[in-house]
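One letter stands for each residue in the lines below.
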Amino acid sequence: MEELGKTILKLIPVIGDQLADISVLVFVIGAAPPLIFILLYALVTLYTEMKVSAHIQDRVAYMYTGYHGILQPVADILKLIQKEDTVPDSADKTLFRLAPYLVFIGTYAGFAVIPFSSAYMGSNINLGVFYLIAASSIVVIGLLMSGWASNNKWSLLGAMRSAAQLVSYEVPTALAVLVAVMITGSLNLNEVSKFQDGGIQNWILFGGPMPITQKLLLLPFTFITFLILFLAGMAEVNRTPFDLPEAESELVQGFNTEYSGMKFAIFYLAEYANMFLVSAVATSLFLGGWSSPFGSFMSGPVWGVFWFVMKGMFFVFVQIWMRWTLPRLRVDQLMYTSWKVMTPFLFVCIFAVGLILVL
Amino acid sequence: MGLLDYKFENSNVFITSVENLLNWARLSSLFQMQFGLACCAIEMMAASASNFDIMRFGVIPRATPRQTDVMIVAGTVTLKMASRIKRLYDQMAEPRYVISMGSCSNCGGPYWEHGYHVLKGVDRVIPVDVYVPGCPPRPEALLEGIMKLQEKVRKESLARKKQIV
Amino acid sequence: MTPQEIHDGLKAKFGDAVVEAKLDAPQPWIRIAPNKMKSLCFFLRDDASFQLDYMMCLSGVDYNDGNLGVVYHLFSMVHKHKIVLKANCPKDNPLVQSVSEVWGTANWHEREAYDMFGIQFDGHPDLRRILCPDDYPGFPLRKDFKVPEFYNGMKVPY
Amino acid sequence: MFDIHYSSLTAVQTYFRNIWLALYTALIGMRLTWRHLFTPAVTIQYPDVKLKLPERARNRLYVNIDDCIGCDQCSMACPVDCITIETIKGTPDQDLGTTSTGNKKRLHVPVFDIDIAKCCYCGLCVYPCPTECIVMTDVYEFSEFDRRNLNYHYSAMTPAEIAVAKEKLRKYDEEQAAKKAAAAAAAPKPPAPAATATPPPKPETPPN
Amino acid sequence: MDLFSVIFYVFAVITLGAAGIVVFSRNIVHSAFALLFAFFGVAGIYVLLMADFLAITQLMIYVGGILVLLIFGVMLTQRQIAVDIKTGTIQTIPALIIVSALAGTLVGMFWVTVWRTSGIPPVEPTASKIGELLLTTYLLPFEVASVVLLVALIGAAMIARREKKA
Amino acid sequence: MSPAEFLQWLKTPGLNHFLILSALLFSLGIYAILSRRNAIMVLMGIELILNAANINFIAFSRYSTGTLDGQIVAIFVIILAAAEVAIALAIVLNIYQTFNTVNVDEINQLKD
Amino acid sequence: MIESRVLPTDYVTEPGRFRTSTGKTLKTDEMIINMGPQHPSTHGVLRLEIVVDGEIVVDVIPHIGYLHRCFEKHAEHMTNYQQVIPYADRMDYLASMNNDWGYALAVEKLLKLEVPPRVEYIRVIMAELQRIASHLIALGTFGIDMGAFTPFLWCFRDRERILDLFEMTCGARLLYNYIWVGGVSHDLPARFVEKAKDFCKYFKPNIVELNNLLTYNEIFIKRTANVGVLPKDVAINYACSGPMLRGSGVNWDLRRDDPYSMYNKFEWDVQVGKGEMGQVGDVWDRYIVKVREMEQSVRIIEQALAAIPEGNVQQAIPKRIRPDHGEVYVRTESPRGELGFYIVSDGSTSPSRVKARSPAFVNLSVVPEIAHGCMIADLVAIVGSTDIVLGEVDR
Amino acid sequence: MLTEFGKILIFFILGAVFVAGGLITSWILRPNRPYPEKNRPYECGEEPVGNAWVRFNVRFYVIALIFLIFDVEVVVLFPWALVYRQLGLFAFVEMAVFLLILIVGFAYVWVKGDLDWDKPKPVVPQVNRPMQTIQEPVVKNEPVAT
Ligand code: SF4
Ligand code: SF4
Ligand code: SF4
């Protein structure tokens, strides 16, 4: 026994050594950029969202925090940090506190396989998107947990809706990804982007780098697939017209009704991060990811980041734009769209793309 | 908890600058509770609509009290509603502020004399920070009320925070 | 149909349930015994020549002479005629038959009359207060209503 | 394109038509919002730019107390009863001056309070005023931290002046009473009533 | 001790701890949510065993599918207020005895047996290999699996379908 | 085995470790099946058992055979597990609708 | 200070079993949710106690009175008839002009008073402008209920123009106290007619814009068509009125069928729900009736502006309002439907009883009937389509 | 490969650390003054009736069951898609068989209505008597007798 204890003590420096190992540090540093990116991006998007919505609605939004309210997101976050954190007495406190972690981790882990440029990618596993879809299922559990733990009926309804929604749209998302994977033969988003490198004509949206006849045949199907992927992705991140879980006019705030202060901020952050995640996946799979649309012009790892973020932000913008245009679906219509529209269409696409590829 | 809360008797330079930053954040990001009672609520909506656009001051409507900072009591507070208002106020996370908008919530307004079912002033149930007069106050008046509140928040200090009810 | 015809029709069918009528007033009215209200109203609504299918309004009134009244403003979408019915009841035993089965709209109107005047509607499915809180003391629109000093810990007068 | 009746279509047609319409109408909407993204905002940036209110604007009341003759008409007209006026009769030896409209002032107005927190800005008090001294202005920014500050006191009289006026009135009344008593003692004929009494205000105030 | 073993123990502890909560928690909702960590831990173990595809499949099917379904099941069938929130246990003592005997036997067996081990194969991505294997060597079971899934689909839908009230 | 050996053993995780882990998981699953009354808890126990089995398959495939066969089997196990859960939960739902409870022993009593 | 926790009086709670406030006990899967009084989609302080089974609404129990401001009591306490008008303003605060008009008409009828034609024209213009303003809010907030935020702000933007017209006429933006017994408080200001014409010109394309953005959006149609169907006979039995009744396919408008003022001098059409996208009487029908009514109001305004005569607007205002003993029930078509005032006069200078028959109150009472078995989202749509104003429901 | 998964693990850990860090910062800065009324569950200002933890009727349960099957299907399709272009027509046929079998199931549940939200038909209210027809359209501008 004595010896056991001694050995355990001895173990500690060993672990310490291991952790101090340079590779671990490199890993940690390697994992940090997406986090910084998420934070910056969230600030920018919060601001953009409000400004875009405002201008769509003929108004101006933030004006008094910095030049044209540019510091507003900073103020919001600083404010949320100092906000009291209420935990309802009747809530299941453990789960209530755990839920934000799951939601954020599920989202953030997805960023591990996003190729920001040809040179940077959190983790180069070759299962890329597949892993990403799997990781997002942690979010489902997180949302269910938050809704249930709040012991609030609106939260519960919201959580149920979001679970139904995420679960339903996972099938179309995965099937749409599948179509791209069939064409590229790889799940690694970096590889997929590389596959489409060389200009706009090589993007899978436009048929991919194929012989011209194949390309033309593929084009309608890839286009439909892309559309479905994008819409299903929007549904997965609860944006209008699929924003039922937090449908303000119906369910107050949905699953995060009882959350305040920092925990709420984390849900918020996760939601915005998810928006980018969806755009990033759509971009990488169908729009060449980090590759420049002009062939070798303006390409390279650094430009890669630029292109990638630009393309991603463009779709984030489209999401915002749609949000402030469209009304919201009802929950049974949501199911209808997923199961009876998207899924059959994708089956058709899979068969068609499969046939075109082998013939 | 709340390590910085109530912990300082008097402030020094460092605390003051932190305080300024925090106050700035609080005052420029006042989430408003989406909550209207009567006619004044329409002017409140008008204030958030395009022509006046209350969001320029960082006031965003949120539906749940947990995430809101300022409750704009806009309209007539009736006896039946008073306990609900009190409950909603209780459920707001601190720091929280109340703007009483319009004659009715200031003191019963036109209903002060014969209103058997009207609470004569919302300050009988919850503490009010700013009173905006008018019946209904013009949207600009509400904006001015918000600016008054911001002034008040700016002067707050970590050392002595607003007491709870 | 003119008010006169309506009155005659009612008189013929219900006899002394028709207590009183003033048919030359700008808006002619007929006073009905409060305990005959329901069957009479069913008749008024369903009889092909009356067809008073639209109840415009139901109001409680305190006549300040010890009587409470209920006033029914009826209208026919088919024949386009109007009539006013009234029912009186004493303040200490205000009991009137409910017509909420006849016109769905009467349900809430009667609840309101109950809330404001304390008129009891016999046969109403759900006679609760509607505007005031359930535990509010007194019936506010009665002329002798006194505003309570405190309600639920809140001071009521200014 | 919108007016095809749904019932005239088969299920399959409806299915594809729905999908098409959903996308198409969404695109129409998006085109519309896109255009609005670039139309100038209608917002009036309040503290920087202030709207000029029309001249009939009904906002905070203002009482030109110099012109007020204390006739209580406004208070009677007010549905809310938020105007409190107390008057002290002036004695004949005092000249309270005339108003700018030419009415003779006969009453001191030691208390003229408008509880602006109760006022409903209906404007009913403005019309009956014979001297047009109570007016609605275009001032709307007067929020307060304390509600009591919203009770506006318009009377210009200092407590000392009020005391003096009261004292005078009392003396005058005493004199009158004494006179009356003397007159009553002297002769059975009734004395002429004091000329200072104003006719009581009419109970109701027809607008305009 | 290298990082590999540290991580192994971490995941082992997560798995067993979560499984413990699943089994011993009196609150069935906690059990269901603890299952998340158990599945996650197992996925980690798979990764350590170089089964990357399986690890992610585990996450996707177990966490994203089965677990969600189980939670729905719990919410649908349990009234989680007051007393009902506890799920009763039966035969705790006998079960414990049986289980410890079982565990002892198994652990002992695994401990004692010297397994035939080949050299550890090189680490390589498994997904495409699995794809090939599925389409070649394991083609028949693969197609049978689709029939199984079909049967399960139809069966589950038929059983679970609410009787449409007339 | 001396403590030092034991420690050494602990320090180098190999096939045995995984097997023991799976054994423990398996036992926990069995315990859940044996002792819980709730049908859904029983299902959770089954899931644990299947997971334990899968760990075994994969561990052997990694350390013993060196091929991917174990993994393929594990995939089939997962497929079957999903099918099983779908059917089982459908049955639970059905039982619940009929008996208004999911406690196995109560159902037993109610059956007759 | 109020006691912090007012005990709920309407509930009987036994462990594990709950009753709705009308005393119904719940079945196993049901749960009671309070929607409101503070809820984004109840348009004020309506409280709906809903019994849900999952997402399906089993029962709706509306609770009103959270804004009961004792209008009727105040009317009895005023010293004269004129003073009631500011309170009538505050009843339906989205359509103050119509309220004032209804009340003024009732008193005029009691007094048997004729008003000059210019006043009538002004009143028609104001009431129709007010109808547009009110419908704009109704449509905008309905858009929010459906999850579309932008139409709401566009509607408010247009409404602001109408408010500018009102403000320049009478100085107030929301509660006007403009229509008085026997006349109006101010004559039209200079340049009003042109500005109103400008507004009509400005507004017409905006209706088209709104239609493109919201009305004909397929998602919106799918959300509203076939939802909350209110059949004709039920609508009449519940005495629904206004767009709610017309949405159910009843061709009925008091402005035409029980005409008051000048309405029978103008060319316009009554809009009726035809079930274009689904059944007659569904939410979409109620919605579209309002949209089309705005177009018709513009038509009326344009005609009235063209034909408005000169004259003194205050000559008929009585110096002293003292009607004889008697009673009168007068109904007018407010944006929400039949607004009736029942006034009993005891021969003094103030009314002895004023009952306001508010259309929203009546329209709301049918909501529980049509909401059985719909989903929560549908309930929001239904409540939104009834276009209630709580100030008027509770008075 | 392990290192790549190690990186992912670090993403998980970093995510957790970030959340924890945020919450700790907030814990330092925020006030905390709970009292019973504040911590009561929110329900639009009303006192909640009962508890949210009831048997919740998950209306889409059948759909969730179906989802699980399709989830599995998607999972096995992924390796297929990866090697698809190497194996060619052969893979296509095999997968077509696999997919078609499942599509049969899909079609079955579609036709059987299991993909619909379990939703009863809304009850259209009725009046307690047959309604006589309303005369319409009413002749325009004809005043009603009063
Ligand atoms: S203050 Fe005036 S406008 Fe505001 S709610 Fe009261 S009555 Fe309405
Ligand atoms: S504006 Fe109206 S409420 Fe205000 S003081 Fe004048 S009469 Fe009274
Ligand atoms: S009506 Fe005019 S003069 Fe008379 S008391 Fe009022 S303010 Fe003074």
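Computed from a prediction, not measured in an experiment: that's the story for all the values here. Per-chain numbering applies: the sequence of each chain, read as written, is numbered from 1 onward. In the order they appear in the text, chains get letters beginning with A and ligands get numbers beginning with 1. With the structure being a predicted model, the display of local features is reserved for residues of pLDDT at least 70 and the display and counting of side-chain atom pairs for 80 or more, all residues being used for whole-chain, interface and lining totals. Hydrogens and water are ignored here; the side-chain numbers use all heavy atoms of the structure.

**Q** Is there a simple way to think about the nonpolar core in this case?
**A** When a protein is soluble and globular, its nonpolar side chains tend to lie buried together. Membership of the largest hydrophobic core comes to 556 residues, with the highest contact counts inside it found for Tyr72 of chain C together with Phe112 of chain D. Both of domain 1 (32-82) and domain 2 (87-358) of chain A provide at least three residues apiece to this core. Setting aside residues up to four positions removed in sequence, Phe112 of chain D forms contacts with Val63, Ile65, Cys68, Cys74, Ile83, Thr84, Ile85, Tyr152, His153, Tyr154 and Ser155 of chain D. Working definition of a nonpolar core: buried Ala, Val, Leu, Ile, Met, Phe, Trp, Tyr and Cys residues. They are joined through side-chain atoms within 4.5 Å. Three exposure classes are used, based on accessible area relative to the maximum for each residue type with a 1.4 Å probe and protein chains only: buried under 20%, partly exposed in between, and exposed over 50%. The domain boundaries here were taken from an automatic or database domain assignment. Contacts are residue-level and defined by heavy atoms, with any inter-residue pair within 4.5 Å sufficient.

**Q** Help me understand the site of ligand 3 in this model?
**A** By nearness alone, 14 residues border ligand 3, and Cys68, Cys71, Asp72, Cys74 and Cys129 of chain D come closest of all. Amino acids are sorted into nonpolar (Ala, Val, Leu, Ile, Met, Phe, Trp, Tyr, Cys and Pro), charged (Asp, Glu, Lys and Arg) and polar (every other residue, Gly among them). Of the residues that constitute the shell around ligand 3, the class distribution is ten nonpolar, three polar and one charged. Any residue with a heavy atom positioned within 4 Å of a molecule or strand is treated as near that molecule or strand.

**Q** So what exactly am I meant to see when it comes to the sheet that holds strand β9 (residues 337-345) of chain G here?
**A** Pairing between the strands of a sheet comes from backbone hydrogen bonds, and it takes one of two forms, parallel or antiparallel. Residue and element names in this part refer to chain G. Here three strands make up an open sheet; going across it, the order is β8-β9-β10 and the pairing antiparallel. Edge positions in the sheet fall to β8 (326-334) and β10 (353-357), since each of these pairs with one other strand and no more. The mean angle between the axes of side-by-side strands here comes to 15°, regardless of whether they run parallel or antiparallel. Note: β8 against β9, nine bridges, orientation antiparallel. By the bridge assignment for β9, Tyr329 is matched with Tyr342. As a rule, the C-alpha atoms of each element are fitted with a line to give its axis, helices using only the stretch in contact, and angles between N-to-C directions run from 0 to 180 degrees. Helix numbering and strand numbering both begin at the N terminus, where a helix is a DSSP run of H or I of at least 4 residues and a strand a DSSP run of E of at least 2. Across the sheet, helix α3 (residues 96-111) is in contact with β8 and β9; its angle to β8 comes to roughly 150°. In short, DSSP must find at least two bridges between two strands for them to pair.

**Q** Whenever I open this one, the interface of chain E and chain F confuses me. Can you help?
**A** Note: interface size is frequently given as the accessible area lost on complex formation between the parts. Facing 83 residues of chain E, the contacting portion of chain F comprises 72 residues. Of the roughly 7100 Å² buried where chain E meets chain F, counting both sides, 77% is carbon and sulfur surface. Whenever a carboxyl oxygen of Asp or Glu lies within 4 Å of a side-chain nitrogen of Lys or Arg, that contact is scored as a salt bridge. Taken together, the connections running from chain E to chain F amount to zero salt bridges. Two N or O atoms form a polar contact when they lie within 3.5 Å of each other; inside protein one atom must be a possible hydrogen donor and the other a possible acceptor, and for residues adjacent in sequence the pair counts only when both atoms belong to side chains. Across the contact surface, chain E and chain F share two residue pairs in polar contact (both at pLDDT 80 or more). Looking at the side of chain E that touches chain F, the elements with two or more residues in it are α1 (3-24), α2 (28-48), α3 (52-77), α4 (92-112), α5 (127-135) and α6 (139-160) of chain E. Per-element accounting of the side of chain E that touches chain F gives the leading share, 13 residues, to α3 of chain E. The class makeup of the residues in the side of chain E that touches chain F is 59 nonpolar, 20 polar and four charged. The term buried area denotes the loss of accessible surface (1.4 Å probe radius) that occurs when two parts are joined, taken as the sum for both partners.

**Q** Mind showing me how you'd approach the packing of aromatic side chains here?
**A** The criterion for an aromatic pair is that two Phe, Tyr or Trp rings (for Trp, the six-membered ring) have centres within 6.5 Å, with stacked assigned to planes under 30 degrees apart, edge-to-face to planes over 60 apart and tilted to the rest. Here the structure, examined in full by the defined rule, presents 75 aromatic pairs over all chains. Through a chain of ring-to-ring contacts, three or more aromatic side chains come together here, namely Trp339, Phe345 and Phe347 of chain A, Tyr15 and Phe16 of chain D together with Phe70, Phe106 and Trp110 of chain H. Positioned above the aromatic ring of Phe145 of chain D is the side chain of Lys148 of chain B, whose terminal nitrogen or guanidinium carbon lies 5.8 Å from the ring centre. Any Lys NZ or Arg CZ that is within 6 Å of a ring centre and within 35 degrees of that ring's normal is treated as a charge sitting over the ring. Of note, Arg161 of chain G hangs over the ring of Tyr202 of chain G, and the distance from its end group to the ring centre comes to 3.9 Å.

**Q** What exactly am I supposed to notice about empty space enclosed by the protein here?
**A** One way to see where empty space is left: roll a probe the size of a water molecule over the atoms. Residues and elements named next belong to chain A. Roughly 410 Å³ of internal volume is contained in the second largest cavity. Around the second largest cavity sit 29 residues that line it, and Ser136, Glu236, Val237, Asn274 and Val278 are the ones nearest its centre. Looking at the lining of the second largest cavity, the elements with two or more residues in it are α4 (93-110), α5 (128-149), α6 (153-184), α8 (212-236) and α10 (261-286). Counting residues per element, the lining of the second largest cavity draws most heavily on α10, at eight residues. Method remark: on a 1 Å grid restricted to protein atoms, a set of points is classed as a cavity if a 1.4 Å probe fits but cannot get out and as a pocket if it is open with protein on both sides within 12 Å along at least five of seven lines; lining residues have an atom within 4 Å of a point. Grid points are joined across faces, edges and corners, and a volume is the space filled by probe spheres set on the points.

**Q** Help me understand the site of ligand 2 in this model?
**A** Neighbouring ligand 2 are 14 residues; Cys78, Cys119, Cys122, Gly123 and Cys125 of chain D lie closest to it. For the shell around ligand 2, the residue count by class is 13 nonpolar, one polar and no charged.

**Q** What is the right way to look at the confidence of the model for chain D in this model?
**A** Detailed reading of the predicted model is not advised wherever pLDDT is low. Averaged over chain D, the pLDDT score is 77; the fraction of residues at 70 or greater is 85%. A residue's pLDDT is the predictor's confidence in that residue, given on a scale from 0 to 100. Across residues 191-208 of chain D, confidence stays below pLDDT 50; counting only partners more than four residues off in sequence or on other chains, it has 32 contacts.

**Q** What exactly am I supposed to notice about α1 of chain E here?
**A** Given 3.6 residues per helical turn, the α-helix brings residues three or four places apart onto the same face. With 22 residues, α1 of chain E extends 31 Å between its outermost C-alpha atoms, agreeing within 8% with the 32 Å of an ideal straight helix rising 1.5 Å per residue. Looking at α1 of chain E, one finds that the buried residues are Phe4, Ser5, Val6, Phe8, Phe11, Ala12, Thr15, Ala18, Ala19, Gly20, Val22 and Val23 of chain E. Here, expected helix span is obtained from the residue count minus one, scaled by 1.5 Å.

**Q** Can you help me understand a nonpolar patch on the surface in this one?
**A** A surface patch of nonpolar side chains, amounting to about 460 Å² of accessible area, comprises Leu355 and Leu359 of chain A together with Leu89, Val93 and Val97 of chain H. Residue contributions to the nonpolar patch peak at three residues, all from helix α3 (residues 89-111) of chain H. Its place among the elements puts Val97 of chain H in helix α3. When its relative accessible area of 38% is taken as the criterion, Val97 of chain H is described as partly exposed. The patch calculation keeps residues exceeding 30% relative accessible area without a salt bridge and links them within 9 Å when they carry like charges or within 5 Å when they are nonpolar (Val, Leu, Ile, Met, Phe, Trp, Tyr). Accessibility throughout is a Shrake-Rupley quantity obtained with a 1.4 Å probe, and a residue counts as covered only by protein chains that appear here.

**Q** For this particular structure, what's the right way to read the environment of Leu141 of chain C?
**A** Here Leu141 of chain C is to be found in the loop between β7 (120-122) and β8 (150-151). Once the C-alpha coordinates of Leu141 of chain C and Pro90 of chain C are considered, the two residues, 51 residues apart in sequence, prove to be 15 Å apart. Ignoring any residue separated from it by four or fewer positions in sequence, one finds Leu141 of chain C in contact with Asp62, Met116 and Phe117 of chain C together with Glu72, Lys73, Glu76 and Arg353 of chain G.

**Q** Would you mind going over the packing of helix α11 (residues 283-307) of chain G against helix α14 (residues 376-386) of chain G with me for this structure?
**A** All names here are of chain G. Between α11 and α14, whose axes approach to 9 Å, the crossing angle comes to 30°. One way to sum up the angle between α11 and α14 is to call them roughly parallel. Crossing of α11 over α14 shows left-handed handedness. Residues Val283, Arg286 and Lys290 of α11 touch α14, and the partners they reach there are Ala381, Ile382 and Ser385. For the contact of α11 with α14, the class distribution of residues is three nonpolar, one polar and two charged. Our angle categories are set so that under 35 degrees counts as roughly parallel, over 145 as roughly antiparallel, 65 to 115 as roughly perpendicular, and the remainder as oblique. Take the far helix as your reference; a near helix turned counterclockwise from it by less than a right angle gives a left-handed crossing, and one turned clockwise gives a right-handed crossing.

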